[in-house]
Amino acid sequence: MSKSLRSPRHNKLRQLLVDARKNGGWTQEQVAAKLSKPQSFVAKYEGGERRLDLIELIDVLRALDHDPIALVEEILREDGGGISEPIQSEA
């Protein structure tokens, strides 16, 4: 598995986050304040300089009043797949 920074899926995620912020009428500064982070935190993940871990992504999406599940489903749809069966571990 290759690094996801600046991959097509990462770029799609970044664009979805930027669109969600702008559609909500928020500036980077306002989102950062809701997250108790500096404005540079928002600028870096929007600009592709920083990846968000899962917990950070959930926090960002909640700050943007956006459903995390809906965002993941949108990325999966655009990726050409859906939610697949879980991987079974060998016992």
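From a predicted model like this one, the values you see are computed outputs, not experimental measurements. Every chain begins its residue count from 1, and numbering advances along the sequence as written. Totals for whole chains, interfaces and linings use all residues, but because this is a predicted model, local features are given only for residues with pLDDT of at least 70 and pairs of side-chain atoms are given and counted only at 80 or more. By convention in this description, side-chain values take in all heavy atoms of the structure and omit both hydrogens and water.

Visitor: Quick question: what am I supposed to make of empty space enclosed by the protein here?
Guide: Rolling a probe over the atoms, with the probe sized like a water molecule, indicates the empty space that remains. Grid points spaced at 1 Å and placed over the protein atoms alone form the basis of the search, with a cavity being a set where a 1.4 Å probe fits but cannot get out and a pocket an open set showing protein on both sides within 12 Å along at least five of seven lines. Lining residues have an atom within 4 Å of a point. Grid points are joined across faces, edges and corners, and a volume is the space filled by probe spheres set on the points. Under the criterion given, the structure shown has one cavity of 30 Å³ or more. Approximately 30 Å³ is the volume attributed to the largest cavity. Forming the walls of the largest cavity are His10, Leu13, Arg14, Leu17, Tyr45, Arg50 and Leu52. Put simply, DSSP marks the helices as runs of H or I at least four residues long and the strands as runs of E at least two long, and each gets a number from the N terminus on. When residues in the lining of the largest cavity are grouped by element, the largest group, four residues, is from helix α1 (residues 8-23). Residue classes follow a fixed rule: Ala, Val, Leu, Ile, Met, Phe, Trp, Tyr, Cys and Pro count as nonpolar, while Asp, Glu, Lys and Arg count as charged, and any other residue, Gly among them, counts as polar. For the lining of the largest cavity, the residue count by class is four nonpolar, one polar and two charged.

Visitor: Explain the pattern of salt bridges here, please?
Guide: A side chain with one charge may pair with a side chain of the opposite charge, provided their charged atoms come close. Salt bridge, as used here: a side-chain nitrogen of Lys or Arg that lies within 4 Å of a carboxyl oxygen of Asp or Glu. Evaluation of the coordinates by the stated rule reveals two salt bridges. The salt bridge partner of arginine 50 is glutamate 56, with a shortest N-O separation of 2.8 Å. Taking the relative accessible area as the measure of exposure, arginine 50 reaches 26% and is therefore partly exposed. Residue classification places glutamate 56 among the buried positions, given a relative accessible area of 17%. Each residue's exposure class comes from its accessible area (1.4 Å probe, protein chains only) as a fraction of the maximum for that residue type: buried when under 20%, exposed when over 50%, partly exposed otherwise.

Visitor: What is the right way to look at helix α2 (residues 28-35) in this model?
Guide: The α-helix advances 3.6 residues per turn, and as a result positions three or four apart in sequence lie on the same side. Buried within α2 are the following residues: Gln28, Val31, Ala32 and Leu35. For α2, the angular spread of buried residues about the axis comes to 100°, placing them on one side. Residues of α2 that are buried in the fold lie against α1, α3 (39-47) and α4 (54-63). In the segment just after α2, serine 36 is the residue with positive phi, at about 55°. The arc in question is formed by the directions pointing from the helix axis toward the C-beta atoms. Every residue pair with non-hydrogen atoms within 4.5 Å of one another is taken to be in contact.

Visitor: Mind showing me how you'd approach the packing of α1 against helix α5 (residues 68-78) here?
Guide: For any two helices packed against each other, one specifies the crossing angle of their axes together with the interaxial distance. In this analysis an axis means a line fitted to C-alpha atoms, helices contributing only their contacting stretch, and an angle means the value between N-to-C directions, from 0 to 180 degrees. With their axes 11 Å apart at the nearest point, α1 and α5 run at an angle of 140° to one another. With respect to α5, the axis of α1 lies oblique. Helix-helix and strand crossings are classified by hand; for α1 and α5 the assignment is right-handed. Contacts between α1 and α5 involve Lys12, Leu13, Leu16 and Leu17 on the former and, on the latter, Leu71, Glu74, Ile75 and Glu78. In terms of residue class, the contact of α1 with α5 is made up of five nonpolar, no polar and three charged. Here is the rule for angles: anything less than 35 degrees is roughly parallel, anything more than 145 is roughly antiparallel, 65 through 115 is roughly perpendicular, and the remaining ranges are oblique. Put simply, a crossing is left-handed when the front helix is turned counterclockwise from the back one by less than a right angle, and right-handed when it is turned clockwise.

Visitor: Before we go on, may I ask you to explain the environment of glutamine 28 in this structure?
Guide: Its location among the elements puts glutamine 28 in helix α2. The contacts of glutamine 28, once residues within four sequence positions are left out, are Arg21, Gln39, Val42, Ala43 and Glu46.

Visitor: Help me out: how do you make sense of the confidence of the model for the protein chain in this one?
Guide: Here the protein chain shows a mean pLDDT of 87. Residues at 70 or above account for 82%. For every residue, the pLDDT score states the predictor's confidence, bounded by 0 at the bottom and 100 at the top. Taken element by element, the predicted model of the protein chain shows its lowest mean pLDDT in α5 (88) and its highest in α2 (98).

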